[in-house]
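# Understanding the architecture of this molecule
Read off the chains here:
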Amino acid sequence: MPQILLTGAAGRLGTHFRSRFAEAGRAVLATDITAPADGGPVVPADLADRAAIDELMRQDISAVVHLGGMANEKPWQAILDANIAGTYNIFESARKAGVKRVIYASSYHVLGMHEVAAAPLDRHAEVRPDSLYAVSKLFGENLSRLYHDKFGIGCLNIRICAANNPGSQRDIKIWCDRDDLWRLVLAGLDAPELGYRTVFGISDNAGAWYVNAPDQTLGWTPEHGSGELPAPAGGWPAPDPEVAVLQGGGFAVRGHFED
């Protein structure tokens, strides 16, 4: 049976997706550089190891859900190995193996140097990355454009917003329910003609910073919103003033990592 290759399968999102894929009866080959906390079946592989990725891609793979890589700001070499070389290896190995669909986990941090006052933004907004991490995500988006245009690989770039538990007024504007994100991934996997698309992975939040144009051919709209979350006593706290001006929050104000 053809399998979906899921990278980053030991992380929080990857663990959630493994569970949802299993519930949906989808065959998945899960991989990560670290073992999962839940002891699930995850094949160890380093994204920067081209031979290892080539071997995974030969296992009757029908599509890739690429969550793997560094999910935070790190020194350049770590970003280069995991997010740039690793993402290149995914796309090139997919091309060589004849895999024709990749769902790529990008990030809202590609817009992180925009001021909060500029919200809401759509996918046509000028990219303004807030970190080396965000630059690496833009590399992946541009790489997916190349592999779609030149090699016919269907690509969905998902600019994932805050897919974790919100803790402030800032967080509830960019919150993404994990099942909303899961259904977006499924829509990308199942769309008859995926083509090349970029979509914000964000739920239906009041005052959301990012908006998606209606896309009937993809067939996805979020079913959840941060308004359904129980607010803490006294309401959601204001964000730290240091991270309240720019959309990237802490990513936008931290000093640069030294090599």
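As shown above, the structure is provided for reference.
Residues numbered from 1 in each chain as written. Predicted model: local features only at pLDDT ≥ 70, side-chain atom pairs only at ≥ 80, totals over all residues. Heavy atoms only, no water.

## A few points about the layout of surface pockets
Empty space within the second largest pocket amounts to approximately 660 Å³. Elements with a minimum of two residues in the lining of the second largest pocket: helix 4 (132-151) and strand 7 (196-201). Here the lining of the second largest pocket takes 5 residues from strand 7, the largest share from any one element. (1 Å grid on protein atoms, 1.4 Å probe; cavity = no way out; pocket = protein on both sides within 12 Å on 5 of 7 lines; lining within 4 Å. Points joined across faces, edges and corners; volume = space filled by probe spheres on them. Helix = DSSP H or I, 4+ residues; strand = E, 2+ residues; numbered from the N terminus.)

## Brief notes about the packing of helix 3 (residues 76-97) against helix 4
How two helices sit against one another is set out by the angle between their axes and by the gap between those axes. Relative to each other, helix 3 and helix 4 sit at 15°, their axes nearing to 10 Å. Taken together, the axes of helix 3 and helix 4 are roughly parallel relative to one another. The handedness of the crossing between helix 3 and helix 4 comes out as right-handed. Seen from helix 3, the contacting residues are W76, I79, N83, I84, T87, Y88, F91, E92 and R95; seen from helix 4, they are L132, Y133, S136, K137, F139, G140, L143, S144, Y147 and F151. (Axes fitted to C-alpha atoms, helices over the stretch in contact; angles between N-to-C directions. Parallel < 35°, antiparallel > 145°, perpendicular 65-115°, else oblique. Left-handed = near helix turned anticlockwise from the far one by under 90°. Contact = heavy atoms within 4.5 Å.)

## Section: the pairing of strand 1 (residues 3-7)
With 5 of its 5 residues buried, strand 1 lies for the most part within the structure. Neither face of strand 1 is open: one carries Q3, L5 and T7, the other I4 and L6, and all of them are buried. Both strand 1 and strand 2 (residues 28-32) contribute to a ladder of 4 bridges, which runs parallel. Looking across to strand 2, one finds that L5 is bridged to L29. As for the winding sense of the linkage, the β-α-β connection from strand 1 through helix 1 (residues 12-23) to strand 2 is right-handed. (Buried < 20%, exposed > 50% of the residue type's maximum accessible area, 1.4 Å probe, protein only. Pairing = 2+ DSSP bridges. Right-handed = clockwise from strand over helix to strand, strands pointing away.)

## Topic: helix 2 (residues 50-57)
All of the buried residues along helix 2 are I53, D54, L56 and M57. For helix 2, the angular spread of buried residues about the axis comes to 160°, placing them on one side. Close packing links the buried residues of helix 2 with strand 1, strand 2, strand 3 (43-44), strand 4 (61-66) and helix 3. (Arc of directions from axis to C-beta.)

## Quick word on helix 4
Working note: α-helix, 3.6 residues per turn, so residues spaced by three or four point in the same direction. Under the 1.5 Å per step criterion, the end-to-end length of helix 4 is 28 Å for 20 residues, consistent within 8% with the ideal 28 Å. Here helix 4 has its buried residues at L132, Y133, A134, S136, K137, L138, G140, E141, L143, S144 and Y147. Lining the buried residues of helix 4 we find helix 3, strand 5 (101-107), strand 6 (154-160), strand 7 and helix 7 (250-253). (Expected span 1.5 Å × (residues − 1).)

## Some words on the sheet that holds strand 7
The strands making up a sheet associate through backbone hydrogen bonding, with each pair oriented either parallel or antiparallel. The strand order across the open sheet built from 7 strands is 3-2-1-4-5-6-7, with neighbouring strands paired in parallel fashion. Here the strands that pair on one side only, and so sit at the sheet edges, are strand 3 and strand 7. Lying on the sheet, helix 4 is in contact with strand 5, strand 6 and strand 7; it crosses strand 5 at an angle near 155°.

## Considerations on unusual backbone geometry
Going from A119 to P120, the amide bond is cis rather than trans, its omega being 5°. For D60, which is not glycine, the phi dihedral falls at a positive 55°. Secondary-structure assignment places D60 in the loop between helix 2 and strand 4.

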